[in-house]
Amino acid sequence: PHIGYLTQDPGVFDATIRENLVSAITERWNEAKTWTSGDADAQLIAALKLAQCDFVFELKKWLDTEIWERWVRLSGGQKQRLAIAKIFLKNPEIILLDEPTSALDSFSEEKISEALNTLFEGRTVIIVAHRLQTVKKADDIIVIEWGKVVERGTHDSLSDSNGIYAKMLELQSGF
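Residues numbered from 1 in each chain as written. Predicted model: local features only at pLDDT ≥ 70, side-chain atom pairs only at ≥ 80, totals over all residues. Heavy atoms only, no water.

A. Main features of the overall build of the protein chain. Counting secondary structure elements, the protein chain contains six helices and seven strands. In sequence order, the protein chain lays out its α and β elements as β-β-α-α-β-α-β-α-β-β-β-α-α. Burial analysis of the protein chain (175 residues in total) assigns 38% to the buried set. For the protein chain, the share of sequence-separated contacts (at least 6 apart) that also reach a separation of at least 24 residues comes to 69%. Element-wise, carbon and sulfur atoms account for 53% of the exposed surface of the protein chain, whose accessible area totals about 10,400 Å². (Helix = DSSP H or I, 4+ residues; strand = E, 2+ residues; numbered from the N terminus. Buried < 20%, exposed > 50% of the residue type's maximum accessible area, 1.4 Å probe, protein only. Contact = heavy atoms within 4.5 Å. Areas by Shrake-Rupley, 256 points an atom, 1.4 Å probe, with all protein chains shown as cover.)

B. Up close: the pairing of strand β7 (residues 148–153). Two elements, strand β6 (residues 141–145) and β7, share five bridges in a ladder whose sense is antiparallel. Paired with E145 across the two strands is K148, which belongs to β7. What sits between the antiparallel neighbours β6 and β7 is a turn of two residues, in which W146 has the positive phi angle 50°. (Pairing = 2+ DSSP bridges.)

C. Region of the structure containing the pattern of salt bridges. All told, the structure shown has three salt bridges when counted by the stated rule. Among the charged side chains, a network of salt bridges with common partners joins R18, D41 and D64. (Salt bridge = Lys/Arg side-chain N within 4 Å of Asp/Glu carboxyl O.)

D. Here's a closer look at the sheet that holds strand β4 (residues 94–98). Spatially, three strands are ordered β1-β4-β5 in an open sheet, and the strand pairing comes out parallel. In this open sheet, the two strands that pair with only one neighbour each are β1 (3–6) and β5 (124–128). Along the sheet, successive strands turn relative to each other by an average axial angle of 10°, direction set aside. Strand direction decides the pairing type here: β4 and β5, joined by five bridges, are parallel. (Axes fitted to C-alpha atoms, helices over the stretch in contact; angles between N-to-C directions.)

E. Focus on the packing of aromatic side chains. Scanning the model with the defined rule gives one aromatic pair in all. Taking 5.2 Å as the distance between ring centres and 75° as the angle between the ring planes, the aromatic pair formed by F57 and W62 counts as edge-to-face. Judged by its relative accessible area of 21%, F57 is partly exposed. (Phe/Tyr/Trp six-rings, centres within 6.5 Å; stacked < 30°, edge-to-face > 60°.)

F. Expanded view of unusual backbone geometry. Positive phi values are uncommon outside glycine, yet Q52 reaches one of about 60°. On the secondary structure map, Q52 appears in the loop between α2 (37–50) and β3 (66–67). With phi around 45°, W62 is a residue other than glycine that occupies positive phi space.

G. Structural view of the side chain of N20. Position of N20 relative to the elements: it lies in helix α1 (residues 17–22). In this structure the side chain of N20 is engaged in a polar contact, spanning 2.9 Å, whose partner is the backbone oxygen of T16. Beyond its immediate chain neighbours, meaning those up to four positions away, N20 contacts V12, F13, A15, I67 and K86. (Polar contact = N/O pair within 3.5 Å; in protein donor to acceptor, adjacent residues only side chain to side chain.)

H. Representation of the nonpolar core. Core analysis: the biggest nonpolar cluster contains 30 residues, and L21, L48, C53, L82, I84 and L119 have the highest contact counts within it. Take this core: its biggest share by element is seven residues, from helix α3 (residues 76–90). Look past the residues within four positions of L48 in its chain and what remains in contact with it is L21, C53, V56, F57, L63, L82 and A85. With six residues, the next largest nonpolar core counts L132, V135, V143 and L158 among its residues. (Core = buried A, V, L, I, M, F, W, Y, C linked by side-chain atoms within 4.5 Å.)

I. The environment of L44, seen in detail. Tracing the backbone shows L44 in helix α2. Separated by 45 residues in the primary sequence, L44 and L89 have C-alpha atoms spaced 7.4 Å apart. When neighbours within four sequence positions are excluded, L44 is seen to be in contact with R18, L21, V22, I25, L63 and L89.

The structure is reproduced here in structure tokens:
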């Protein structure tokens, strides 16, 4: 219950958006066990807004829209944002992210970065990423090559160091 995990291809139930999100609500979230369905819907809507899931409110059935296995009705950005909403609902102290923006276009990546920045507040976050935009605001960036730590620092210090991180940054941002 203390750890939230987001992969580049999050799992989903063959069910509605509501049923997929409610699966993330734990006893920790509602220790008093006093929620009514209206309270739960308010929490779901709040999590969707925090996760930049505005597209849900444009769907004909909103929370009751059926999504199928492997997210076939949703884009990559939409499924990532729904997975982030689930983490908001779970409310863990520690978050592990494995390439959360690797398969996304720039517009989806920007939306997800906004949602993640909100989610990260007051939490311990570990991100595995090759796309440096994802880790740019991290307090501590660790560059690993062949299983060994070769650089460590902030985005600014590593950008100025002329090392591997700076070279990767130049490759990803230079055209």
